[in-house]
Structures are given as structure tokens and as C-alpha cells.
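Below, each chain spelled out in residue letters.
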Amino acid sequence: MSICFYRGTFMPLEECRIPVTDLAIQRGVGVFDSIRTYGKNIFALKEHIERLSESAKRCGMEAEKIINELPDIIKKGVNHDSAPDGDMVVKAYITGGCINDHGHFPEPDFFVIFEEAHVLTSEELRNGVALKPIYKERPFPETKSTNYLAGYMTMRGAKPNEFEALYIVNGEITESSTSSFFLCKDGKIITAPVGKVLRGITREILITLLKENNFVVEERCPLESELSSADEAFISGSVKEILPIIKVGDQTIGNGHPGPVSQHIHKLFLSNLDRWM
Ligand SMILES: *Cc1c(COP(=O)(O)O)cnc(C)c1O
């Protein structure tokens, strides 16, 4: 069963309520982080907590106390009797709370959801998916904010195999709605630099693994004009791991099927999971 931690206790998810006075509800002031478990093993917990802390700071939330409490709460939740049995996603949210002091939020609130991880279908992995371009910058690219509206609006009228939106700014590809984006071209792996995109934890781990394995990694924005000559592309994220991209808008990538490099990198990732548990 899905459970939620709020104000000192774990409860069934559907029983959890936060006040309508919270600025997350009234004004969209909220940050979060999604953490994957493999069974009861929590993946890259420290890295996720650090990024959540950065997101909260960037949004003016005074969240040090919450950040310090979170690792223990997450470990308790994952091992809770009522938590789901299989792989989980742990979603830790910090909200603005009820006080806005000139863009400074002195009393943020928080809750943590523990639910079954909705991993990719074998069909998505086998066939790859398409992305639908959005020609805009993601607001506050370095924060994992709860506001996904721009990405969602883009998906109105999307084709069935279009998985999510891909942000492209002045011809430069940054990231997709909930994932980091990678292009494979001429033996190189190209991905946007932090600052233009969120510091994806899976992205960082992949860059480490790729460098250890003598791949050439270029941290610059892949260009939209490079899509037509790319060999492969993929996106990464904590729950989805690595997902091959076969099309962006009307542009087919490579031969339109998931390629050997993406598959190799996914295997590399899975065989190194233990190092981040
Ligand atoms: C969550 C997210 C990612 C992926 O980050 P991971 O830490 O790898 O899960 C990338 N970009 C955006 C915009 C995100 O929200």
C-alpha cells in the first residue's frame, strides 16, 4: 500500500491532507525529489537529499531542519510494514508553508510519499519512445520544482508514442520534462551542462560511468540541427533509468530503433547500482 509521512506520522497515502493555506497550493511554491529503491535498497539517497536541499535554497525556503530529518524518515518509510513490497519511488516534497516574507519562506512544510515504482513497460524499452519539442526554457532550470505545467501543456494532442516534452532553447536542446537528455554522435555522448538543466542524479552517475569506461563525454547542449545526423539518443531519470529516444517531433533519430550504445550504457548502469546503495 502507498503510504505518506506528514507531521510526525506515517499514514495511508489517501488519508494525507495539507492545509489549503500552503503556498504550494496557492502559488505553486514547492520543490521535490524522487528517489528510487531496488527492493529495500535506497539508490543515491545522499545525492538526492543534497539536490533537494539545493532546490529549497534556490527557492528561498529555510529547510535545513527538514533536510536533516529526511534521511531517517525515508529509511523508516522504506522499511515500514505498510510500505509496498517491490521497488518503490520515494517522493519527498518541501512546500512553501503559509508565510511569504518577500520571497523568503521561513516556515516550509514537508511530506514524503512512498509508492510502488511505475517502471517502464518492456514495450517502451524495446521500441524506444518519441519526444515532443517545446521551444521554451524550463523556468528555474536548476530547481526540481513541482510546476510541470509547461511540459504538460505541450503534450496536448501528442502522438501515442510521444513520452514527454523536450525543451529546446535557441536551437539548443536542454532536457525533457522529467529527464536528462543525451545524444550519441560520432562516438561521443553529448549532454547539456548543469546550469542550463537540472543536476540530474542519474545524469551525474552516467557521466562518471561513461568516463570510467573511456567514452568521450561532451557537456554542452546538443543542437537541434544535430538530431538528423545523430546515431542514437536517450533520456535518463531515477525511476526510468535509461530510455531510448527514436524520434523528436518529426525527426527520426538514427535508424528509428533503440541502438547498441544506449543498451550498453543501460547495462553499465545496472551492473554498477550497488555503488550508490
Ligand atoms: C527529475 C528530473 C530529471 C532527472 O533527474 P534524476 O535525478 O536523474 O531523477 C531531469 N530533469 C528534470 C527537469 C527533472 O525534473
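Residues numbered from 1 in each chain as written. Predicted model: local features only at pLDDT ≥ 70, side-chain atom pairs only at ≥ 80, totals over all residues. Heavy atoms only, no water.

**A word on the overall build of the protein chain**
Link 1 in the chain: When you go through the protein chain residue by residue, the secondary structure sums to seven helices and 15 strands.
Link 2 in the chain: Here the C-alpha atoms of the protein chain give a radius of gyration of 19 Å, agreeing with the 19 Å that 2.2 N^0.38 yields for 277 residues.
Link 3 in the chain: Across its three principal axes, the protein chain shows a C-alpha extent of roughly 55 × 40 × 35 Å.
Link 4 in the chain: When contacts within the protein chain are restricted to residue pairs at least 6 apart in sequence, long-range pairs at least 24 apart make up 71% of them.
Link 5 in the chain: Carbon and sulfur atoms make up 51% of the accessible area of the protein chain, which amounts to about 13,200 Å² in all. (Helix = DSSP H or I, 4+ residues; strand = E, 2+ residues; numbered from the N terminus. Rg over C-alpha atoms; globule rule 2.2 N^0.38 Å. Contact = heavy atoms within 4.5 Å. Areas by Shrake-Rupley, 256 points an atom, 1.4 Å probe, with all protein chains shown as cover.)

**Observations concerning a nonpolar patch on the surface**
Link 1 in the chain: A contiguous nonpolar surface patch, about 320 Å² in accessible area, is contributed by L149, Y152 and M153.
Link 2 in the chain: Here Y152 lies in helix α5 (residues 149-154). (Patch = residues over 30% accessible without salt bridge, like charges linked within 9 Å, V, L, I, M, F, W, Y side chains within 5 Å. Salt bridge = Lys/Arg side-chain N within 4 Å of Asp/Glu carboxyl O.)

**Some remarks on the site of the ligand**
Link 1 in the chain: Around the ligand sit 17 residues, and of these R51, K144, Y148, T202 and S238 come closest.
Link 2 in the chain: A distance of 2.8 Å separates an oxygen atom of the ligand from a polar side-chain atom of K144.
Link 3 in the chain: Here an oxygen atom of the ligand and a side-chain polar atom of S238 are 2.7 Å apart.
Link 4 in the chain: Alone, the ligand offers 380 Å² of accessible surface; in the complex the protein occludes 97% of this.
Link 5 in the chain: Listed by contribution, the elements that provide at least two residues to the shell around the ligand are α2 (45-58), β9 (172-176), β10 (179-185) and α6 (201-212).
Link 6 in the chain: Looking at the shell around the ligand residue by residue, the classes come out as three nonpolar, 10 polar and four charged. (Near = heavy atom within 4 Å. Polar contact = N/O pair within 3.5 Å; in protein donor to acceptor, adjacent residues only side chain to side chain. Nonpolar A, V, L, I, M, F, W, Y, C, P; charged D, E, K, R; others polar.)

**Describing the domain arrangement of the protein chain**
Link 1 in the chain: Per the domain assignment, the segments making up the protein chain are domain 1 (3-116) and domain 2 (122-276).
Link 2 in the chain: If you average the C-alpha positions of domain 1 and of domain 2, the two centres end up 26 Å apart.
Link 3 in the chain: Each partner contributes residues to the interface: domain 1 has 21 residues there, and domain 2 has 17 residues.
Link 4 in the chain: For the pairing of domain 1 and domain 2, the buried interface totals around 1,800 Å² over both sides, and the portion due to carbon and sulfur atoms is 58%.
Link 5 in the chain: The three residues of domain 1 that bury the most area against domain 2 are F32, F43 and R51, which together make up 34% of that side's buried surface.
Link 6 in the chain: For the interface between domain 1 and domain 2, the tally reads three salt bridges.
Link 7 in the chain: With its nearest N and O atoms 3.0 Å apart, the salt bridge here joins R58 to E142. (Domains from an automatic or database assignment. Buried area = accessible area lost by both parts, 1.4 Å probe.)

**Notes on helix α3 (residues 64-78)**
Link 1 in the chain: An ideal rise of 1.5 Å per residue puts 21 Å on 15 residues; α3 measures up with 22 Å between its terminal C-alpha atoms.
Link 2 in the chain: At L70, α3 shows its maximal kink, close to 35°; a proline, P71, follows between one and four residues later.
Link 3 in the chain: Three or more residues of α3 are buried, namely I66, I67, L70, I73, I74, G77 and V78. (Expected span 1.5 Å × (residues − 1). Bend = angle between axes of the 7 residues up to and from the residue. Buried < 20%, exposed > 50% of the residue type's maximum accessible area, 1.4 Å probe, protein only.)

**Considerations on unusual backbone geometry**
The phi torsion of most residues other than glycine is negative, and most of the peptide bonds are trans.
Link 1 in the chain: For H102, which is not glycine, the phi torsion reads 50° and is therefore positive.
Link 2 in the chain: Residue position: H102 is located in the loop between β5 (88-95) and β6 (109-116).
Link 3 in the chain: Judged by its relative accessible area of 80%, H102 falls in the exposed class.
Link 4 in the chain: Backbone geometry at D186 places phi at a positive 50°, although glycine is not the residue there.

**A closer look at the pairing of strand β11 (residues 188-191)**
Link 1 in the chain: Here β10 runs beside β11; their pairing, made up of four bridges, is antiparallel. By the bridge assignment, K185 is partnered in β11 with K188.
Link 2 in the chain: Between β10 and β11, which pair antiparallel and follow one another directly, the connecting turn spans two residues, one of which, D186, has a positive phi of 50°.
Link 3 in the chain: Sheet topology places β11 next to strand β12 (residues 216-219); four bridges connect them, and they run parallel. Across the sheet, residue T191 finds its bridge partner in β12, namely E219.
Link 4 in the chain: Between β11 and its parallel partner β12, the chain crosses via α6, and the hand of that crossover is right-handed. (Pairing = 2+ DSSP bridges. Right-handed = clockwise from strand over helix to strand, strands pointing away.)

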